[in-house]
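# Observations on the model geometry
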Amino acid sequence: MARLALLLSHARRHYHRLRPLQIPLSSPSEASPVPSFFFSRSFSSSSPISPVSYPVKPKDPDEEESPDASKDTPSPPSPPPRLPRAESQVTDGGSRPWTRADARFVKDGPAISPVSYPARVAPLPEYRAPEPEETKGDDGQLQREARRIQSGARARSFFDLQEEPKIPFPALIVPERKSQKVPMDLMEAIRQVKANAKRKFVETMEAHVNLGVDPRRGDQMVRGALTLPHGTGKTVRVAVFAELSAADEARAAGADIVGGDELIEEIKNGGGKLKFDKCIATPTFMPRLSKIARILGPRGLMPNPKLGSVTSDVSGAVKEAKSGRVDFKIDKTAIVHVGLGKVNFKEEFLLENIGAFVHALLNAKPVGLKKTSKYVGYVKNFTLCSTMGPGYPVSIQSLSAAADHYGKLQVK
């Protein structure tokens, strides 16, 4: 059925394109025969088409107005006049206005004029004449600026608005570089360190040396030990791993802790707590110390033959450790950190201790580092400071003089 209805619809449209529409609209008595496929359903040829009339709709009694009320109530405004519409002439002499439904099926029908309405103009704000300027020049400009600021403040207070802060355009700010300190004489640096050590405890005189070596290479490793002429000023606790006669010598030399296998077991089971600052061992005990190597190694207490802590002369090693033996080694940044006494020492004592350290540092210079001078390319800079004080760079010339002086004293 749907396909049949679609076929009839297309047939009606095609019929009206080829032939103008001829349907009488004036009176049903003059109607001409209409093809049956024009309608959506078929009619028998014997049944004529009769007009249908509908009764007039009665008016609502509430809407009927009394004659008195019509006098008092103003009449509604008349609707706007409509523009004339195009009329079509049909073949049977009748005429009626064309509708859009008629023009839809007619190919060459008259043009329907569009409906136009009177233009509406939005009401414009009331014009206000500008206020006359009382004064001219700078005073008038200041008054205009004051009125503008006041009007803006009133608008912000009315709408509860806050003025956005003006953020300046970001600019590149060059950081201020602190002026580098000029290297000074060794004695002058010692005086400056002593003057700026103002803590409540006795601070340590520290030396920090930046070396021109590569710590990742094994042939450029710098490490050594020395005995300071005037000691470090600290009370050093010494532990000795020895047995029999070597243990008796260590006790006679002043060792704080002396033991053998029992001392090793005590350190292993002690939870990492150590009661000594230096460690000395005889050559026979080195294989046994492998049990506690992971405890002593990270703290720098593992005995080492290169540093003189593995020796058969136990009494001499204990005396050196008690008198102020200092071990030094570069870290991964090629810097040596070492303490060379207390700030309450005399300046001459500190000078001799620093000279002894520089002399030992030159003796530990790697063989593969070949330069024309002892210091060029090896010692980049030398800085003195206290435990919690500022640092002061020292000139290489004064360090060389102090090291040469200590070397001459050792020869004598």
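Residues numbered from 1 in each chain as written. Predicted model: local features only at pLDDT ≥ 70, side-chain atom pairs only at ≥ 80, totals over all residues. Heavy atoms only, no water.

Taking an unreviewed UniProt entry as the reference, the protein chain is identified by name as Large ribosomal subunit protein uL1c belonging to Ensete ventricosum.

## Some details on the sheet that holds strand S7 (residues 278–281)
As summarised here, the arrangement of the three strands in space is S6-S5-S7, forming an open sheet in which the pairing is parallel. The sheet is open, and its two borders are formed by strand S6 (257–259) and S7, each paired with just one other strand. Averaged over all pairs of adjacent strands, the angle between strand axes in this sheet comes to 15°, irrespective of strand direction. Of the strand pairs in this sheet, strand S5 (residues 238–241) and S6 are connected by three bridges, and their pairing is parallel. Across the sheet, the residue bridging to Ala239 is Ile257, located in S6. Most of the contacts of helix H9 (residues 314–323) go to S5, to which it runs at about 165°, and overall it touches S5 and S7. (Pairing = 2+ DSSP bridges. Helix = DSSP H or I, 4+ residues; strand = E, 2+ residues; numbered from the N terminus. Axes fitted to C-alpha atoms, helices over the stretch in contact; angles between N-to-C directions. Contact = heavy atoms within 4.5 Å.)

## Quick look at helix H6 (residues 244–253)
Listed as buried for H6 are Ala246, Ala247, Ala250 and Ala253. One face of H6 carries all of its buried residues, which in axial projection span an arc of 125°. With respect to the buried face of H6, the exposed residues turned more than 90 degrees away are Leu244, Ser245 and Ala252. Looking at the buried residues of H6, the elements they touch are S5, S6 and H9. Gly254 sits one or two residues past H6 and shows a positive phi near 110°. (Buried < 20%, exposed > 50% of the residue type's maximum accessible area, 1.4 Å probe, protein only. Arc of directions from axis to C-beta.)

## Considerations on the packing of H6 against H9
At a minimum axis distance of 8 Å, the contact between H6 and H9 shows a crossing angle of 30°. With respect to H9, the axis of H6 lies roughly parallel. In this structure, H6 meets H9 at a crossing whose hand is right-handed. Residue-level inspection shows Ala246, Glu249, Ala250 and Ala253 of H6 in contact with H9, the latter providing Val314, Ser315, Val318 and Lys319. For the contact of H6 with H9, the per-class residue count stands at five nonpolar, one polar and two charged. (Parallel < 35°, antiparallel > 145°, perpendicular 65-115°, else oblique. Left-handed = near helix turned anticlockwise from the far one by under 90°. Nonpolar A, V, L, I, M, F, W, Y, C, P; charged D, E, K, R; others polar.)

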